[in-house]
Each structure stands twice: as structure tokens, then as C-alpha cells.
Amino acid sequence: MKLLMFLLIVIPALEIALLVLSGSVIGVWPTVGLIIATGVIGAWLAKREGIETIRQAKQELMYGRIPGEAVLDGICILVGGIVLLTPGFITDLLGFILLIPFTRRWIKPFLGRWLKSLFETRTFFYMKR
């Protein structure tokens with residue numbers, strides 16, 4: 001919880017500092033253009049990767065297999081797309097890392113182990129209505 005609070009304070013402060021620095025170095029309008037461009041490119045990439053992941057999940061289900069990799073890809077794509085829509089260069093970098101398949105391969109093992117530990121320790125739960 002302390003880490004989450006720390007990140008919620010530090011990351012926005014760093015984002016603001018980078019945006020101000022970028023505005024002073026390359027100008028305000030180019031900075032705004034970069035923010036808009038990364039949002040548009042991120043939305044396009046998230047849509048493309050999301051459609052491909054859904055196709056892979058359907059194919060796995062057709063063969064009677066559980067689409068575990070597709071689920072992890074879907075989580076990465078969802079988080080990456082959301083993070084890319086927020087203005088800032090640090091979050092954009094994180095979003096692109098989560099959306100690009102080559103770099104996503106590095107993240108998925110950590111994500112899988114983390115989710116497995118949540119299930120094993122019963123930290124992650126669901127409520128049945």
C-alpha cells in the first residue's frame with residue numbers, strides 16, 4: 001500500500017517535470033503534439049493487439065486449451081492502452097512496453113508469477129452474488 005501511495009505521488013510529479021522540461025526545450029505545441037500523437041498511436045496499437053489476442057484466444061478455445069497466454073496478453077494490452085491514454089512520457093513508455101509484443105514477452109512471466117501468488121495466498125478473490 002505504501003508503494004502504491006508513493007507511485008501515485010512520485011510518477012505524476014515526474015510526469016509534470018518532464019512535460020515542463022519538454023515544453024521549455026522543444027516548445028509547448030510540439031509537446032502537446034507529442035502527447036496527442038502517442039495517445040492516437042497507442043489507441044491504434046492497443047486495438048490491433050487486442051484483436052490479435054482475441055483471435056489467439058478463440059483459436060486456443062477451439063482446440064480445447066485454456067488460453068492462458070492470451071489472458072496475460074489481454075491484461076498487458078488493457079493496462080498498456082489505459083496508461084498510454086494518460087498524458088506523460090513515463091506512462092507512455094510503460095504503455096508501449098506493455099503493448100509491443102516483443103517487450104510484452106519479458107513482462108508476462110512476472111505478471112503470471114504475481115497472479116499465481118495472489119491466487120495461492122488467497123489475496124485475490126472474487127465475490128459470488
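Going by the annotation in an unreviewed UniProt entry, the name recorded for the protein is UPF0716 protein FxsA, with [Anoxybacillus] calidus given as the source organism.

1. Description of the packing of helix 1 (residues 2–26) against helix 4 (residues 89–99)
One can describe the packing of helix 1 onto helix 4 by two numbers: an axis separation of 7 Å at closest approach and a directional angle of 110 degrees. The orientation of helix 1 relative to helix 4 falls into the category roughly perpendicular. Of the residues in helix 4, those in contact with I11, L14, E15, L18, L19 and S22 of helix 1 are F89, I90 and T91. Looking at the contact of helix 1 with helix 4, its residues break down into 6 nonpolar, 2 polar and 1 charged.

2. Topic: the pattern of salt bridges
Where side chains of opposite charge bring their charged atoms close, a pairing between them can arise. Across all of its chains, the model carries 7 salt bridges by this definition. K108 is the partner of E69 in a salt bridge, and the nearest nitrogen-oxygen pair spans 2.8 Å. Here K108 lies in helix 5 (residues 101–120) and E69 lies in helix 3 (residues 68–85), a separation of 39 residues in the sequence. R104 serves as the salt-bridge partner of D73, at 2.9 Å between the closest nitrogen and oxygen. Linking D73 in helix 3 with R104 in helix 5, this pair joins segments that are 31 residues apart in sequence. Each member of the pair D73 and R104 is classed as buried.

About the thresholds
Going along each chain's sequence as written, the residues are numbered from 1 onward. At least 70 in pLDDT is required for a residue's local features to be given in this predicted model, at least 80 for side-chain atom pairs to be given and counted, and no such filter applies to totals for whole chains, interfaces and linings, which use all residues. To obtain the side-chain values, all non-hydrogen atoms of the structure were used and water was disregarded. Each axis is a line fitted through C-alpha atoms, and for a helix only the stretch in contact is used; angles between axes span 0 to 180 degrees, taken between their N-to-C directions. Each helix is a run of H or I in the DSSP string that is no shorter than four residues. Each strand is a run of E no shorter than two, and both are numbered from the N terminus. Relative orientations are named as follows: roughly parallel for angles under 35 degrees, roughly antiparallel for angles over 145 degrees, roughly perpendicular for angles from 65 to 115 degrees, and oblique for any other angle. Contacts were defined at the residue level, with two residues in contact if any of their heavy atoms lie within 4.5 Å. Gly counts as polar in this scheme, as do all residues outside two lists: the nonpolar Ala, Val, Leu, Ile, Met, Phe, Trp, Tyr, Cys and Pro, and the charged Asp, Glu, Lys and Arg. The rule for a salt bridge is simple: a side-chain nitrogen of Lys or Arg has to be within 4 Å of a carboxyl oxygen of Asp or Glu. Residue burial is assigned from relative accessible area. The probe radius is 1.4 Å, only protein chains are included, and a residue is buried under 20% of its type maximum, exposed over 50%, and partly exposed in between.

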